[in-house]
Amino acid sequence: MDRRARLLAVSSLIVASTLTLPSAPASAATLPTGARSLESVNYPGRFIRHADLLGRIDPVTSGSTALAKSDATFTVVSGLASPSCYSFQATNGLFLRHRDWRLRLEANTGTPTFQADATFCPTDGSVAGSVSLVSFNHPDRRLRHRNFELWVDAYQDTAQFRADSSFRLTAPWTPKTSKGPVIPGLYADPHITFFNGRYYLYPTTDGYASWSAPYYKAFSSADLVNWTDHGVILDHGRDVSWADNSAWAPAVVAKNGRYYLYFSGGAASGNTGKHLGVAVSDSPTGPFRDALGKPLILAGAYAGQAIDPMVFTDDNGQSYLYWGNGAAHVVPLNADMVSFDPAAVRTITTPGFREASFVLKRNSTYYFMWSENDTRDENYQVAYATGPSPLGPWTKRGVVLQKRLELGIKGTGHHSVVQVPGTDTWHVAYHRFAVPTGSGTNREVTVDRMTFNADGTIAPILPTL
Ligand code: FUB
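About the criteria used
- Residues numbered from 1 in each chain as written.
- Predicted model: local features only at pLDDT ≥ 70, side-chain atom pairs only at ≥ 80, totals over all residues.
- Heavy atoms only, no water.
- UniProt positions renumbered as here; feature names shortened; annotations may be inferred.
- Disulfide = S-S within 2.5 Å.
- Helix = DSSP H or I, 4+ residues; strand = E, 2+ residues; numbered from the N terminus.
- Polar contact = N/O pair within 3.5 Å; in protein donor to acceptor, adjacent residues only side chain to side chain.
- Domains from an automatic or database assignment.
- Contact = heavy atoms within 4.5 Å.
- Buried area = accessible area lost by both parts, 1.4 Å probe.
- Near = heavy atom within 4 Å.
- Areas by Shrake-Rupley, 256 points an atom, 1.4 Å probe, with all protein chains shown as cover.
- Nonpolar A, V, L, I, M, F, W, Y, C, P; charged D, E, K, R; others polar.
- Salt bridge = Lys/Arg side-chain N within 4 Å of Asp/Glu carboxyl O.
- Pairing = 2+ DSSP bridges.
- Axes fitted to C-alpha atoms, helices over the stretch in contact; angles between N-to-C directions.
- Phe/Tyr/Trp six-rings, centres within 6.5 Å; stacked < 30°, edge-to-face > 60°.
- Buried < 20%, exposed > 50% of the residue type's maximum accessible area, 1.4 Å probe, protein only.
- Lys NZ or Arg CZ within 6 Å of the ring centre and 35° of its normal.

As annotated in an unreviewed UniProt entry, the protein chain carries the name Family 43 glycosylhydrolase and is attributed to Lentzea indica. Per its UniProt entry, the protein chain bears the Sequence similarities (unreviewed entry) comment "Belongs to the glycosyl hydrolase 43 family."

The following block contains the structure:
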(Lines give C-alpha, C1' and ligand atoms only; values in the text may rest on other atoms or scores of the structure.)
Protein backbone atom coordinates (compact mmCIF):
# COMPACT_ATOMS: atom_id res chain seq x y z
CA MET A 1 0.00 0.00 0.00
CA ASP A 2 1.56 3.34 -0.97
CA ARG A 3 1.68 6.39 1.33
CA ARG A 4 -1.38 8.03 -0.19
CA ALA A 5 -3.46 4.84 0.07
CA ARG A 6 -2.38 4.40 3.69
CA LEU A 7 -3.38 7.97 4.50
CA LEU A 8 -6.75 7.45 2.81
CA ALA A 9 -7.35 4.25 4.76
CA VAL A 10 -6.42 5.89 8.05
CA SER A 11 -8.59 8.91 7.32
CA SER A 12 -11.54 6.70 6.40
CA LEU A 13 -11.28 5.07 9.81
CA ILE A 14 -11.14 8.46 11.46
CA VAL A 15 -14.13 9.72 9.48
CA ALA A 16 -16.14 6.59 10.16
CA SER A 17 -15.60 6.85 13.89
CA THR A 18 -15.78 10.62 14.45
CA LEU A 19 -17.76 12.36 11.78
CA THR A 20 -17.82 15.77 13.42
CA LEU A 21 -14.54 17.61 13.94
CA PRO A 22 -14.23 17.92 17.70
CA SER A 23 -11.75 20.76 17.83
CA ALA A 24 -13.20 23.27 15.41
CA PRO A 25 -16.96 23.12 15.12
CA ALA A 26 -18.62 25.44 12.65
CA SER A 27 -20.19 28.48 14.23
CA ALA A 28 -22.41 31.20 12.91
CA ALA A 29 -19.48 33.48 12.31
CA THR A 30 -16.49 31.37 11.38
CA LEU A 31 -15.68 28.09 9.69
CA PRO A 32 -12.38 26.23 9.94
CA THR A 33 -10.52 26.62 6.67
CA GLY A 34 -8.79 23.69 5.00
CA ALA A 35 -10.00 20.36 3.67
CA ARG A 36 -13.45 19.31 4.93
CA SER A 37 -16.55 17.36 3.96
CA LEU A 38 -20.11 18.54 4.58
CA GLU A 39 -22.75 16.11 5.81
CA SER A 40 -26.50 16.63 5.58
CA VAL A 41 -28.14 16.86 9.01
CA ASN A 42 -31.40 15.24 7.94
CA TYR A 43 -29.76 12.60 5.75
CA PRO A 44 -26.78 11.52 7.86
CA GLY A 45 -24.30 9.65 5.71
CA ARG A 46 -25.06 11.83 2.68
CA PHE A 47 -22.44 14.44 1.89
CA ILE A 48 -22.22 17.40 -0.41
CA ARG A 49 -20.45 16.21 -3.53
CA HIS A 50 -20.26 17.02 -7.20
CA ALA A 51 -21.23 14.67 -10.00
CA ASP A 52 -20.94 15.76 -13.62
CA LEU A 53 -20.00 19.17 -12.16
CA LEU A 54 -23.39 19.57 -10.44
CA GLY A 55 -23.87 19.75 -6.67
CA ARG A 56 -25.72 16.92 -4.92
CA ILE A 57 -25.84 15.10 -1.60
CA ASP A 58 -25.02 11.41 -1.91
CA PRO A 59 -24.05 8.61 0.47
CA VAL A 60 -20.34 8.29 1.13
CA THR A 61 -18.94 5.54 3.31
CA SER A 62 -15.51 4.20 4.10
CA GLY A 63 -16.14 1.63 1.36
CA SER A 64 -16.87 4.27 -1.29
CA THR A 65 -14.51 4.63 -4.20
CA ALA A 66 -11.60 7.06 -3.96
CA LEU A 67 -13.33 9.16 -6.62
CA ALA A 68 -16.58 9.39 -4.65
CA LYS A 69 -14.63 10.44 -1.55
CA SER A 70 -12.68 12.99 -3.53
CA ASP A 71 -15.88 14.39 -5.07
CA ALA A 72 -17.21 14.85 -1.52
CA THR A 73 -14.15 16.76 -0.32
CA PHE A 74 -13.77 20.53 -0.45
CA THR A 75 -11.20 23.01 0.77
CA VAL A 76 -12.93 25.71 2.77
CA VAL A 77 -11.20 28.98 1.86
CA SER A 78 -11.62 32.66 2.55
CA GLY A 79 -14.58 33.89 0.48
CA LEU A 80 -13.66 34.88 -3.06
CA ALA A 81 -15.95 37.91 -2.71
CA SER A 82 -15.34 38.71 0.96
CA PRO A 83 -12.87 37.56 3.62
CA SER A 84 -15.72 37.43 6.15
CA CYS A 85 -17.42 34.61 4.26
CA TYR A 86 -16.22 31.40 2.59
CA SER A 87 -15.80 29.61 -0.72
CA PHE A 88 -15.53 25.89 -1.32
CA GLN A 89 -12.88 24.53 -3.66
CA ALA A 90 -13.16 20.96 -4.93
CA THR A 91 -10.11 18.72 -5.15
CA ASN A 92 -10.04 19.34 -8.92
CA GLY A 93 -9.48 23.05 -8.21
CA LEU A 94 -12.97 24.17 -9.30
CA PHE A 95 -15.23 26.19 -7.03
CA LEU A 96 -18.78 25.54 -5.89
CA ARG A 97 -20.93 28.40 -7.23
CA HIS A 98 -24.60 28.95 -8.02
CA ARG A 99 -25.79 29.73 -11.51
CA ASP A 100 -29.49 29.70 -12.37
CA TRP A 101 -29.81 28.85 -8.64
CA ARG A 102 -28.25 25.41 -9.17
CA LEU A 103 -24.99 24.59 -7.39
CA ARG A 104 -22.25 23.61 -9.83
CA LEU A 105 -18.49 23.41 -10.09
CA GLU A 106 -16.70 25.92 -12.27
CA ALA A 107 -13.27 27.48 -12.65
CA ASN A 108 -12.84 30.84 -10.94
CA THR A 109 -12.92 33.56 -13.59
CA GLY A 110 -12.15 36.21 -10.98
CA THR A 111 -15.08 38.37 -12.07
CA PRO A 112 -17.23 40.01 -9.39
CA THR A 113 -20.21 37.88 -10.49
CA PHE A 114 -18.33 34.60 -10.22
CA GLN A 115 -16.79 35.56 -6.90
CA ALA A 116 -20.17 36.52 -5.44
CA ASP A 117 -21.87 33.40 -6.79
CA ALA A 118 -19.11 31.30 -5.21
CA THR A 119 -19.21 32.93 -1.78
CA PHE A 120 -21.38 31.81 1.13
CA CYS A 121 -21.75 33.27 4.60
CA PRO A 122 -22.26 30.90 7.50
CA THR A 123 -25.06 31.09 10.01
CA ASP A 124 -26.27 28.63 12.63
CA GLY A 125 -27.79 25.46 11.25
CA SER A 126 -30.90 23.66 12.50
CA VAL A 127 -29.04 21.53 15.04
CA ALA A 128 -26.13 22.30 17.34
CA GLY A 129 -22.79 22.21 15.54
CA SER A 130 -24.34 22.49 12.10
CA VAL A 131 -24.09 25.38 9.71
CA SER A 132 -26.33 26.92 7.08
CA LEU A 133 -24.74 28.70 4.11
CA VAL A 134 -26.30 31.97 3.00
CA SER A 135 -25.68 33.15 -0.56
CA PHE A 136 -23.35 36.18 -0.48
CA ASN A 137 -25.10 38.02 -3.30
CA HIS A 138 -28.64 36.76 -2.58
CA PRO A 139 -28.81 36.90 1.22
CA ASP A 140 -32.45 35.82 1.16
CA ARG A 141 -31.34 32.47 -0.28
CA ARG A 142 -29.50 29.54 1.25
CA LEU A 143 -27.72 26.47 -0.04
CA ARG A 144 -30.10 23.53 0.42
CA HIS A 145 -30.73 20.09 -0.98
CA ARG A 146 -33.93 19.25 -2.83
CA ASN A 147 -34.39 15.81 -4.40
CA PHE A 148 -30.75 15.34 -3.32
CA GLU A 149 -29.70 18.13 -5.71
CA LEU A 150 -28.10 21.31 -4.36
CA TRP A 151 -29.79 24.64 -5.01
CA VAL A 152 -29.79 28.11 -3.52
CA ASP A 153 -33.43 28.61 -2.64
CA ALA A 154 -35.29 31.47 -0.99
CA TYR A 155 -35.26 30.93 2.76
CA GLN A 156 -38.45 29.49 4.22
CA ASP A 157 -39.03 29.53 7.95
CA THR A 158 -40.00 25.86 8.12
CA ALA A 159 -38.42 22.91 9.87
CA GLN A 160 -38.05 21.16 6.51
CA PHE A 161 -36.15 24.04 4.89
CA ARG A 162 -33.94 24.55 7.93
CA ALA A 163 -32.99 20.88 7.92
CA ASP A 164 -32.45 20.74 4.16
CA SER A 165 -30.12 23.73 4.42
CA SER A 166 -28.04 22.54 7.40
CA PHE A 167 -24.75 20.68 7.22
CA ARG A 168 -22.08 19.43 9.58
CA LEU A 169 -18.47 20.08 8.69
CA THR A 170 -16.62 16.82 9.09
CA ALA A 171 -13.10 15.57 8.54
CA PRO A 172 -12.40 15.40 4.82
CA TRP A 173 -13.10 12.12 3.04
CA THR A 174 -9.90 12.76 1.08
CA PRO A 175 -7.32 14.22 3.43
CA LYS A 176 -4.61 16.52 2.16
CA THR A 177 -1.53 14.52 1.23
CA SER A 178 0.77 17.37 0.20
CA LYS A 179 2.24 20.22 2.25
CA GLY A 180 1.22 22.89 -0.22
CA PRO A 181 -0.40 25.29 -0.49
CA VAL A 182 0.70 26.26 2.99
CA ILE A 183 -2.29 28.58 3.39
CA PRO A 184 -5.61 27.34 1.99
CA GLY A 185 -6.94 29.32 -0.95
CA LEU A 186 -5.65 31.64 -3.63
CA TYR A 187 -2.74 33.88 -2.66
CA ALA A 188 0.44 35.11 -4.39
CA ASP A 189 3.59 37.19 -3.99
CA PRO A 190 4.29 35.93 -0.45
CA HIS A 191 6.57 37.96 1.77
CA ILE A 192 7.89 35.63 4.45
CA THR A 193 9.69 36.96 7.51
CA PHE A 194 10.36 36.25 11.18
CA PHE A 195 9.37 38.47 14.10
CA ASN A 196 9.62 37.64 17.82
CA GLY A 197 9.73 33.86 17.54
CA ARG A 198 7.14 33.44 14.77
CA TYR A 199 7.18 33.26 11.01
CA TYR A 200 4.84 35.61 9.15
CA LEU A 201 3.47 35.45 5.63
CA TYR A 202 2.07 38.52 3.89
CA PRO A 203 0.65 37.61 0.46
CA THR A 204 -1.35 39.26 -2.28
CA THR A 205 -4.95 38.02 -2.19
CA ASP A 206 -5.44 36.25 -5.52
CA GLY A 207 -8.34 34.90 -7.59
CA TYR A 208 -9.38 38.33 -8.89
CA ALA A 209 -9.44 39.15 -12.62
CA SER A 210 -6.60 41.60 -13.38
CA TRP A 211 -5.27 41.03 -9.83
CA SER A 212 -7.74 43.61 -8.56
CA ALA A 213 -8.02 42.41 -4.94
CA PRO A 214 -8.45 45.29 -2.49
CA TYR A 215 -7.02 43.89 0.76
CA TYR A 216 -4.15 42.09 2.48
CA LYS A 217 -4.23 39.39 5.13
CA ALA A 218 -1.46 38.24 7.45
CA PHE A 219 -0.68 34.67 8.50
CA SER A 220 1.72 33.44 11.17
CA SER A 221 3.26 30.13 12.16
CA ALA A 222 5.63 28.69 14.74
CA ASP A 223 6.74 25.84 12.48
CA LEU A 224 6.14 26.88 8.84
CA VAL A 225 3.50 24.12 8.66
CA ASN A 226 0.52 25.23 10.73
CA TRP A 227 -0.51 28.78 9.83
CA THR A 228 -2.90 31.08 11.68
CA ASP A 229 -5.02 33.46 9.60
CA HIS A 230 -4.97 36.89 11.28
CA GLY A 231 -7.55 38.34 8.93
CA VAL A 232 -7.43 41.57 6.97
CA ILE A 233 -4.58 43.88 8.03
CA LEU A 234 -5.00 46.62 5.42
CA ASP A 235 -7.97 47.28 3.16
CA HIS A 236 -7.55 49.78 0.35
CA GLY A 237 -11.25 50.62 0.39
CA ARG A 238 -11.30 51.35 4.13
CA ASP A 239 -7.74 52.39 4.96
CA VAL A 240 -6.06 53.97 1.95
CA SER A 241 -7.48 57.16 0.45
CA TRP A 242 -5.47 57.01 -2.78
CA ALA A 243 -5.95 53.33 -3.68
CA ASP A 244 -9.01 51.17 -4.27
CA ASN A 245 -7.71 48.00 -5.85
CA SER A 246 -4.56 46.12 -6.93
CA ALA A 247 -3.39 45.41 -3.39
CA TRP A 248 -0.20 43.78 -4.62
CA ALA A 249 2.90 42.22 -3.17
CA PRO A 250 3.26 43.52 0.39
CA ALA A 251 6.55 43.52 2.28
CA VAL A 252 6.71 44.02 6.04
CA VAL A 253 9.76 45.05 8.07
CA ALA A 254 10.28 45.75 11.78
CA LYS A 255 12.08 48.97 12.71
CA ASN A 256 11.89 51.59 15.43
CA GLY A 257 9.68 49.23 17.49
CA ARG A 258 7.04 49.34 14.78
CA TYR A 259 6.09 47.40 11.67
CA TYR A 260 6.15 49.00 8.24
CA LEU A 261 4.12 47.50 5.40
CA TYR A 262 5.15 48.55 1.89
CA PHE A 263 2.51 47.90 -0.75
CA SER A 264 1.20 49.05 -4.09
CA GLY A 265 -2.28 49.99 -5.22
CA GLY A 266 -4.31 51.49 -8.01
CA ALA A 267 -7.20 53.94 -7.99
CA ALA A 268 -10.56 52.97 -9.47
CA SER A 269 -10.82 56.28 -11.30
CA GLY A 270 -8.18 57.95 -13.42
CA ASN A 271 -6.33 54.75 -14.35
CA THR A 272 -3.05 56.45 -13.50
CA GLY A 273 -1.16 53.23 -12.82
CA LYS A 274 0.02 51.75 -9.57
CA HIS A 275 1.50 53.82 -6.78
CA LEU A 276 3.65 52.48 -3.96
CA GLY A 277 2.74 53.26 -0.37
CA VAL A 278 3.75 52.53 3.20
CA ALA A 279 1.56 51.71 6.19
CA VAL A 280 2.54 51.36 9.84
CA SER A 281 1.37 49.36 12.83
CA ASP A 282 2.44 48.52 16.37
CA SER A 283 1.78 44.84 15.65
CA PRO A 284 2.86 42.50 12.82
CA THR A 285 -0.78 41.52 12.44
CA GLY A 286 -2.04 45.05 12.18
CA PRO A 287 -4.23 46.89 11.88
CA PHE A 288 -1.95 48.97 9.65
CA ARG A 289 -2.67 52.60 8.83
CA ASP A 290 -1.47 54.52 5.81
CA ALA A 291 1.61 56.30 7.16
CA LEU A 292 1.63 59.22 4.73
CA GLY A 293 -1.94 59.62 3.48
CA LYS A 294 -0.41 59.67 -0.01
CA PRO A 295 1.89 57.39 -2.01
CA LEU A 296 5.55 57.10 -1.09
CA ILE A 297 6.32 56.66 -4.80
CA LEU A 298 3.95 57.93 -7.46
CA ALA A 299 3.24 55.93 -10.60
CA GLY A 300 5.54 57.16 -13.34
CA ALA A 301 8.08 58.79 -11.03
CA TYR A 302 10.68 56.21 -12.10
CA ALA A 303 10.96 53.85 -15.07
CA GLY A 304 8.65 50.81 -14.95
CA GLN A 305 5.80 50.17 -12.53
CA ALA A 306 5.94 51.30 -8.90
CA ILE A 307 5.13 47.84 -7.54
CA ASP A 308 6.73 44.91 -5.71
CA PRO A 309 8.45 46.70 -2.82
CA MET A 310 10.98 44.94 -0.59
CA VAL A 311 13.07 46.30 2.29
CA PHE A 312 16.45 44.92 3.27
CA THR A 313 18.14 46.13 6.45
CA ASP A 314 21.90 45.73 6.59
CA ASP A 315 23.88 44.80 9.70
CA ASN A 316 24.63 48.48 10.36
CA GLY A 317 20.91 49.23 10.61
CA GLN A 318 20.58 50.99 7.26
CA SER A 319 17.43 49.95 5.41
CA TYR A 320 17.10 49.94 1.64
CA LEU A 321 13.89 49.99 -0.39
CA TYR A 322 13.86 47.96 -3.60
CA TRP A 323 10.97 47.97 -6.05
CA GLY A 324 9.94 47.81 -9.67
CA ASN A 325 8.51 45.93 -12.61
CA GLY A 326 10.36 46.29 -15.91
CA ALA A 327 13.10 48.20 -14.12
CA ALA A 328 14.49 47.59 -10.65
CA HIS A 329 15.31 50.48 -8.34
CA VAL A 330 16.92 50.82 -4.92
CA VAL A 331 17.24 53.68 -2.48
CA PRO A 332 18.43 53.96 1.15
CA LEU A 333 15.46 54.75 3.38
CA ASN A 334 15.66 57.56 5.89
CA ALA A 335 15.54 56.57 9.56
CA ASP A 336 11.78 57.28 9.65
CA MET A 337 11.27 54.45 7.10
CA VAL A 338 8.70 56.52 5.21
CA SER A 339 10.94 58.89 3.22
CA PHE A 340 14.11 58.89 1.14
CA ASP A 341 16.33 61.19 -0.84
CA PRO A 342 15.10 61.04 -4.47
CA ALA A 343 18.61 61.94 -5.65
CA ALA A 344 19.86 58.66 -4.12
CA VAL A 345 17.63 56.38 -6.22
CA ARG A 346 19.62 53.98 -8.37
CA THR A 347 18.45 51.65 -11.11
CA ILE A 348 19.62 48.04 -11.07
CA THR A 349 20.27 46.44 -14.43
CA THR A 350 20.39 42.67 -14.20
CA PRO A 351 19.60 40.72 -17.39
CA GLY A 352 16.14 39.13 -17.36
CA PHE A 353 14.76 41.24 -14.48
CA ARG A 354 10.99 41.50 -14.60
CA GLU A 355 9.80 42.16 -11.01
CA ALA A 356 9.75 40.94 -7.39
CA SER A 357 13.15 42.10 -6.08
CA PHE A 358 14.37 40.36 -2.94
CA VAL A 359 17.68 40.92 -1.14
CA LEU A 360 19.40 38.86 1.53
CA LYS A 361 22.87 38.73 3.01
CA ARG A 362 24.78 35.57 3.85
CA ASN A 363 28.29 35.76 5.25
CA SER A 364 29.56 38.91 3.55
CA THR A 365 27.80 38.34 0.22
CA TYR A 366 24.63 40.18 -0.82
CA TYR A 367 22.13 38.31 -2.97
CA PHE A 368 19.79 40.25 -5.25
CA MET A 369 16.97 37.99 -6.43
CA TRP A 370 14.08 38.63 -8.81
CA SER A 371 11.40 37.03 -11.00
CA GLU A 372 11.63 36.63 -14.77
CA ASN A 373 8.89 36.42 -17.44
CA ASP A 374 5.21 37.19 -16.94
CA THR A 375 3.40 35.88 -13.86
CA ARG A 376 0.79 34.39 -16.26
CA ASP A 377 3.50 32.41 -18.05
CA GLU A 378 4.24 28.89 -16.78
CA ASN A 379 7.91 29.87 -17.25
CA TYR A 380 7.72 32.53 -14.54
CA GLN A 381 10.92 31.83 -12.56
CA VAL A 382 13.39 33.15 -10.02
CA ALA A 383 16.96 34.22 -10.79
CA TYR A 384 19.66 35.90 -8.73
CA ALA A 385 22.87 37.86 -8.73
CA THR A 386 25.51 38.43 -6.07
CA GLY A 387 27.35 41.56 -5.08
CA PRO A 388 29.56 43.15 -2.41
CA SER A 389 27.02 45.68 -1.09
CA PRO A 390 23.24 46.31 -0.97
CA LEU A 391 23.76 48.57 -3.96
CA GLY A 392 25.76 46.03 -5.97
CA PRO A 393 27.40 45.94 -8.41
CA TRP A 394 25.53 42.73 -9.24
CA THR A 395 26.79 39.69 -11.12
CA LYS A 396 24.02 37.43 -12.43
CA ARG A 397 24.44 33.81 -11.29
CA GLY A 398 21.44 32.22 -13.00
CA VAL A 399 17.94 30.79 -12.47
CA VAL A 400 17.34 28.93 -9.19
CA LEU A 401 13.61 28.21 -9.16
CA GLN A 402 11.46 27.14 -12.07
CA LYS A 403 8.47 24.99 -13.06
CA ARG A 404 8.45 21.25 -12.42
CA LEU A 405 6.04 19.89 -14.99
CA GLU A 406 6.24 16.25 -13.91
CA LEU A 407 4.45 17.34 -10.72
CA GLY A 408 2.18 19.84 -12.48
CA ILE A 409 4.02 22.78 -10.88
CA LYS A 410 4.00 25.90 -13.08
CA GLY A 411 4.66 29.61 -12.79
CA THR A 412 7.01 29.44 -9.76
CA GLY A 413 8.01 32.95 -8.75
CA HIS A 414 7.61 36.13 -6.75
CA HIS A 415 9.46 34.61 -3.86
CA SER A 416 10.93 35.73 -0.56
CA VAL A 417 13.42 34.05 1.77
CA VAL A 418 13.59 33.61 5.53
CA GLN A 419 16.51 32.39 7.59
CA VAL A 420 15.85 30.24 10.63
CA PRO A 421 17.40 32.50 13.28
CA GLY A 422 20.85 31.46 14.42
CA THR A 423 21.20 28.78 11.75
CA ASP A 424 22.22 28.42 8.13
CA THR A 425 18.78 26.99 7.31
CA TRP A 426 16.81 29.00 4.76
CA HIS A 427 13.28 28.67 3.47
CA VAL A 428 11.84 30.20 0.33
CA ALA A 429 8.18 31.15 -0.01
CA TYR A 430 6.85 31.60 -3.52
CA HIS A 431 3.70 31.27 -5.53
CA ARG A 432 2.80 28.90 -8.35
CA PHE A 433 -0.28 28.34 -10.47
CA ALA A 434 -2.71 26.68 -8.06
CA VAL A 435 -2.40 22.92 -8.49
CA PRO A 436 -4.10 21.45 -10.48
CA THR A 437 -6.13 24.03 -12.40
CA GLY A 438 -4.71 27.44 -11.51
CA SER A 439 -3.43 30.24 -13.69
CA GLY A 440 -1.61 33.56 -13.48
CA THR A 441 -4.51 35.02 -11.50
CA ASN A 442 -5.34 31.85 -9.55
CA ARG A 443 -2.10 31.23 -7.68
CA GLU A 444 -1.21 29.61 -4.38
CA VAL A 445 1.60 29.99 -1.86
CA THR A 446 4.06 27.31 -0.87
CA VAL A 447 7.36 27.03 1.00
CA ASP A 448 10.45 24.98 0.15
CA ARG A 449 14.06 24.75 1.35
CA MET A 450 16.80 26.90 -0.13
CA THR A 451 20.39 25.78 0.27
CA PHE A 452 23.78 27.19 -0.58
CA ASN A 453 26.68 25.43 -2.25
CA ALA A 454 30.14 25.49 -0.64
CA ASP A 455 31.15 28.32 -2.96
CA GLY A 456 28.23 30.48 -1.79
CA THR A 457 26.10 30.03 -4.89
CA ILE A 458 22.46 29.06 -4.39
CA ALA A 459 21.66 25.44 -5.21
CA PRO A 460 18.69 24.89 -7.55
CA ILE A 461 15.52 25.01 -5.45
CA LEU A 462 13.41 21.88 -5.84
CA PRO A 463 9.71 22.77 -5.96
CA THR A 464 7.66 20.17 -4.10
CA LEU A 465 3.94 19.59 -3.78
O1 FUB B 1 0.11 39.79 -7.88
C2 FUB B 1 0.15 40.91 -8.71
C3 FUB B 1 1.47 40.99 -9.46
O4 FUB B 1 1.73 39.76 -10.12
C5 FUB B 1 2.69 41.20 -8.60
O6 FUB B 1 2.87 42.51 -8.18
C7 FUB B 1 3.75 40.71 -9.50
O8 FUB B 1 4.99 40.48 -8.88
C9 FUB B 1 3.13 39.47 -10.08
O10 FUB B 1 3.33 38.36 -9.24
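**Notes on the state of the cysteines**
One pass over the structure, following the stated rule, counts one disulfide. A sulfur-sulfur separation of 2.1 Å characterises the disulfide bridge that pairs Cys85 with Cys121. Disulfide Cys85 to Cys121: torsion about the S-S bond roughly 95°, handedness right-handed. Here Cys121 lies in strand E8 (residues 120–124) and Cys85 lies in the loop between strand E4 (74–78) and strand E5 (86–90), a separation of 36 residues in the sequence.

**Things to note about the side chain of Ser135**
Examined against the element boundaries, Ser135 turns out to sit in strand E9 (residues 131–135). At 3.0 Å, the side chain of Ser135 and the backbone nitrogen of His138 are in polar contact.

**Points about the domain arrangement of the protein chain**
Entries for the protein chain in the domain assignment read domain 1 (3–170) and domain 2 (187–450). The C-alpha centroid of domain 2 is placed 34 Å from the C-alpha centroid of domain 1. In this complex, domain 1 contributes 13 residues to the contact, which on the side of domain 2 involves 10 residues. Here domain 1 meets domain 2 over a buried area of about 790 Å², counting both sides, of which 43% is carbon and sulfur.

**Brief notes about the site of the ligand**
The immediate surroundings of the ligand are formed by 13 residues, with Asp189, Asp308, Glu355, His414 and Arg443 found nearest. One of the side-chain N or O atoms of Glu355 is found 3.3 Å from an oxygen atom in the ligand. Protein coverage of the free-state accessible area of the ligand, which is 280 Å², stands at 97%. Of the residues contributing to the shell around the ligand, the split by class is five nonpolar, four polar and four charged.

**Observations concerning the pattern of salt bridges**
Throughout the structure, instances matching the rule amount to 26 salt bridges. Measuring nitrogen to oxygen at the nearest pair gives 3.5 Å for the salt bridge that ties Asp448 to Lys179. Of the two residues, Asp448 sits in strand E31 (residues 443–450) while Lys179 sits in the loop between strand E12 (167–170) and strand E13 (187–195), which places them 269 residues apart along the sequence. Across the pair Asp374 and Arg376 runs a salt bridge, and its minimum N-O distance is 2.8 Å. Residues joined in a network through salt bridges with shared partners are Arg46, Arg49, Arg56, Asp58 and Asp71.

**Focus on unusual backbone geometry**
Residue Pro287 is reached from Gly286 by a cis peptide bond, and omega for that bond is 0°. Counting through the fold element by element, Pro287 comes out in the loop between strand E19 (274–281) and strand E20 (289–290). Here Val435 and Pro436 are connected by a cis peptide whose omega angle stands at 15°. Along the polypeptide, Pro436 turns up in the loop between strand E30 (426–433) and E31. In the Ramachandran plot, Leu224 falls in the positive-phi region, its phi being about 70° despite a non-glycine side chain. Examined against the element boundaries, Leu224 turns out to sit in the loop between strand E15 (215–221) and strand E16 (228–235).

**Some thoughts on the sheet that holds E31**
In space, the three strands of this open sheet follow the order E29-E30-E31, with antiparallel pairing throughout. Only two strands of the sheet have a single neighbouring strand rather than two, namely strand E29 (413–419) and E31. The average angle at which neighbouring strand axes cross in this sheet is 25°, direction not considered. Sheet topology places E29 next to E30; five bridges connect them, and they run antiparallel. Paired with Gly413 across the two strands is His431, which belongs to E30.

**Observations regarding the packing of aromatic side chains**
Two numbers describe a pair of aromatic rings. These are the distance of the centres and the angle of the planes. As enumerated under the stated definition, the model contains 22 aromatic pairs in all. Considering the side-chain rings of Tyr302 and Trp323, the 5.5 Å spacing of their centres and the 70° angle between planes classify their relative orientation as edge-to-face. You can see Tyr302 sitting in the loop between E20 and strand E21 (310–313) and its partner Trp323 sitting in strand E22 (residues 319–323), a full 21 residues away along the chain. According to the relative accessible area criterion, Tyr302 is partly exposed, its value standing at 24%. Among the aromatic side chains, those forming a connected cluster through ring pairs are Tyr322, Phe353, Phe368, Trp370 and Trp394. Over the aromatic face of Phe148 sits the side chain of Arg46, whose NZ or CZ is 3.7 Å from the ring centroid.

**Side note on the sheet that holds strand E26 (residues 365–372)**
The antiparallel open sheet is built from four strands, whose spatial order is E25-E26-E27-E28. Two strands bound the open sheet, and with one partner strand each, they are strand E25 (355–362) and strand E28 (395–401). Going across the sheet, the axis of each strand differs from the next one's by a mean of 25°, ignoring polarity. As defined by bridge partners, E25 adjoins E26 across six bridges and the pair is classed as antiparallel. By the bridge assignment for E26, Lys361 is matched with Tyr366.

**Let's talk about the pairing of strand E3 (residues 54–59)**
Regular strands place their side chains on alternate faces of the sheet. In this sheet, E3 lies alongside strand E2 (residues 46–51) in antiparallel orientation, the contact comprising six bridges. Each bridged residue has a counterpart across the sheet, and for Arg49 the counterpart in E3 is Arg56. Hairpin connection between E2 and E3: a loop of two residues separates the two successive antiparallel strands, and Asp52 in this loop has a positive phi of roughly 50°.

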